[in-house]
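Results of the structural survey
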Amino acid sequence: MNKVQLFNQIQKKRSFLCVGLDPVMELIPEHLLEFENPVLEFNRQIIDATQDLCVAYKPNTAFYECLGLKGWETLQKTKAYIPESLFTIADAKRGDIGNTSNMYAKAFLSEAGEMNFDSITVAPYMGKDSVTPFLGFQDKWVILLALTSNKGHEDFQLLKHDDEFIFEHVLKVSSSWTTDEQMMYVVGATHPESFQKIRSIVPNHFLLVPGVGAQGGDLQSVCKYGLNSKCGLLINAGRSIIFASKGKDFAEKARAEALKLQVEMDLILSAAGL
Ligand SMILES: O=C(O)c1cc(=O)[nH]c(=O)n1[C@@H]1O[C@H](COP(=O)(O)O)[C@@H](O)[C@H]1O
């Protein structure tokens, strides 16, 4: 999916919500355990209940990899179940020497492959040749970690280099590797104070913003400086939506949580004239 198509979906749905599909076997409602593949059934029902309220889904591959072969199959079938009009993110946080990155890119982005995601999260630590192999696919995206939502972001991302933070340096340097039609950045919702600076470095890029909901991030504060003329934000919420209830009403409750965010997003878009 290209940038114009993504923005069109945002305007059509009045939403820039990304639902995080990070299922945990222990939290799957009991009545689903009778299905041959409870995790897949869980994901399907979450997708059915939320797809008109969001523009993207982000399965984090760790939640599937830990289930072995069956997990990979579940990831593939989940991806295949997501309607084509929604943007898909393989949250795999890859990045390695060039020829290895090339294989990761094929695995997750290739149209001929089994996954065929629109995008993949990538760690910048190994530099340009570890990232560029992911850029060789038309209308597919790299989502590079910039300022992450976790406590450990302080350990490296906030070190200074030439009087700027390392994460700012990552934004400056990596944004010259390709255009804002192929690169997005991860910025945690837990750092609302950083969005003004980030927008001065990358005014036009989409930002994937995890951390709203379970991690305590606030939508309004992120949007204050994060929003740009093409919206430029995908706000991810995982647990607060998919585990809103552990009962038979889990899909209904997930929808209610997604709806709350979508209604807020509609107002934000309208106030910005989008
Ligand atoms: O790349 C990510 O998506 C990511 C980056 C980051 O800085 N923080 C972060 O929480 N994430 C992911 O975003 C999701 C957050 O999920 P919830 O905290 O359940 O909403 C998880 O899949 C995390 O791995």
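The model shown is predicted, which means the values in this text are computed figures rather than measured ones.

Remarks on the overall build of the protein
- Helices and strands together make up the secondary structure of the protein, namely 12 helices and 10 strands.
- Radius of gyration (C-alpha) of the protein: 18 Å, near the 19 Å computed for a compact globule of 274 residues.
- C-alpha extents for the protein along the principal axes are approximately 60 × 45 × 35 Å.
- For the protein, buried positions account for 47% of its 274 residues.

Re the site of the ligand
- Close contacts around the ligand come from 19 residues, with Asn-60, Thr-148, Pro-210, Gly-238 and Arg-239 the closest.
- Here the shell around the ligand is built from residues that sort into four nonpolar, 12 polar and three charged.

As for the pairing of strand β8 (residues 183-187)
- Counting buried positions along β8 yields five of five residues, so the element is predominantly enclosed.
- Taking every second residue as pointing to the same face, both faces of β8 are buried, with Met-183, Tyr-185 and Val-187 on one and Met-184 and Val-186 on the other.
- By the bridge criterion, five bridges tie strand β5 (residues 141-147) to β8 in an arrangement that is parallel. When the bridges of β8 are listed, Leu-147 appears paired with Val-187.
- Relative to strand β9 (residues 206-210), β8 runs parallel, the two being bridged by three bridges. Residue pairing in the sheet places Met-184 in a bridge with Phe-206 of β9.

Notes on the packing of helix α2 (residues 38-50) against helix α4 (residues 68-81)
- Contact geometry for α2 and α4: axes closest at 10 Å, N-to-C directions at 20°. Looking at the two axes, α2 sits roughly parallel to α4. Seen from above, α2 lies across α4 with right-handed handedness. Together, Val-39, Leu-40, Asn-43, Arg-44 and Ile-47 of α2 and Thr-74, Lys-77, Thr-78 and Tyr-81 of α4 make up the contact between the two elements.

Remarks on the sheet that holds strand β2 (residues 56-58)
- Taking strand neighbours around the barrel as the criterion, the eight strands line up as β1-β2-β3-β4-β5-β8-β9-β10 in a closed arrangement whose pairing is parallel. Shown here is a sheet whose adjacent strand axes are inclined to one another by a mean of 30°, direction ignored.
- In this structure, strand β1 (residues 17-20) lies alongside β2, joined through three bridges in parallel fashion. Bridging from a neighbouring strand, Gly-20 pairs with Lys-58 of β2.
- On top of the sheet, helix α10 (residues 219-226) reaches β9 and β10 (233-237); it is set at about 165° to β10, its chief contact.

Let's talk about α2
- Compared with an ideal rise of 1.5 Å per residue, which puts 13 residues at 18 Å, α2 spans 18 Å between its outermost C-alpha atoms and is within 8% of the ideal.
- Within the span of α2, buried status applies to Val-39, Leu-40, Phe-42, Asn-43, Ile-46, Ile-47, Ala-49 and Thr-50.
- Contacts made by the buried residues of α2 are with β1, β2, α4, α11 (239-242) and α12 (250-271).

Some points on the UniProt feature "domain: Orotidine 5'-phosphate decarboxylase" (unreviewed entry) in the protein
- Per the UniProt record, the feature "domain: Orotidine 5'-phosphate decarboxylase" (unreviewed entry) sits at residues 16-254.
- End C-alpha atoms of residues 16-254 are separated by 16 Å, and the span's content is 35% helix alongside 19% strand.

Points about unusual backbone geometry
- A positive phi angle is found at Arg-14, which is not glycine, with a value near 55°.
- Along the polypeptide, Arg-14 turns up in the loop between α1 (3-13) and β1.

Considering the nonpolar core
- Counting 78 residues, the largest nonpolar core has Leu-17, Leu-233 and Ile-235 as its most contacted members.
- Residue contacts for Leu-17: discarding those within four places in its chain leaves Leu-53, Cys-54, Val-55, Ile-235, Ala-237, Ala-258, Leu-261, Gln-262 and Met-265.

So, the packing of α2 against α12
- Two elements in contact, α2 and α12, have axes separated by 9 Å at closest approach and are oriented at 45°. As judged from the angle between their axes, α2 and α12 are oblique. As α2 runs across α12, the sense of the crossing is right-handed. Counted together, Gln-45, Ile-46, Asp-48, Ala-49 and Thr-50 of α2 and Ala-251, Glu-252, Ala-254, Arg-255 and Ala-258 of α12 form the full contact between these two elements.
- Its residues placed into classes, the contact of α2 with α12 shows five nonpolar, two polar and three charged.

Some points on α10
- If you check which residues of α10 are buried, you get Leu-219, Val-222, Cys-223 and Gly-226. Projected down its long axis, α10 shows its buried positions confined to an angular sector of 95°, all on one face.
- Buried residues along α10 sit in contact with α9 (195-201), β9, β10 and α12.

Points about the confidence of the model for the protein
- This prediction gives the protein a mean pLDDT of 97; 100% of its residues lie at or above 70.
- In the predicted assembly, ipTM is 0.99 and pTM is 0.98.

Scoring rules and cut-offs
- Residues numbered from 1 in each chain as written.
- Predicted model: local features only at pLDDT ≥ 70, side-chain atom pairs only at ≥ 80, totals over all residues.
- Helix = DSSP H or I, 4+ residues; strand = E, 2+ residues; numbered from the N terminus.
- Rg over C-alpha atoms; globule rule 2.2 N^0.38 Å.
- Buried ≥ 20, exposed ≤ 12 C-beta atoms within 10 Å, placed from the backbone.
- Near = placed C-beta within 6 Å.
- Nonpolar A, V, L, I, M, F, W, Y, C, P; charged D, E, K, R; others polar.
- Pairing = 2+ DSSP bridges.
- Axes fitted to C-alpha atoms, helices over the stretch in contact; angles between N-to-C directions.
- Parallel < 35°, antiparallel > 145°, perpendicular 65-115°, else oblique.
- Left-handed = near helix turned anticlockwise from the far one by under 90°.
- Contact = placed C-beta atoms within 7 Å.
- Expected span 1.5 Å × (residues − 1).
- UniProt positions renumbered as here; feature names shortened; annotations may be inferred.
- Core = buried A, V, L, I, M, F, W, Y, C linked by C-beta atoms within 7 Å.
- Arc of directions from axis to C-beta.
- pLDDT = per-residue confidence, 0-100.

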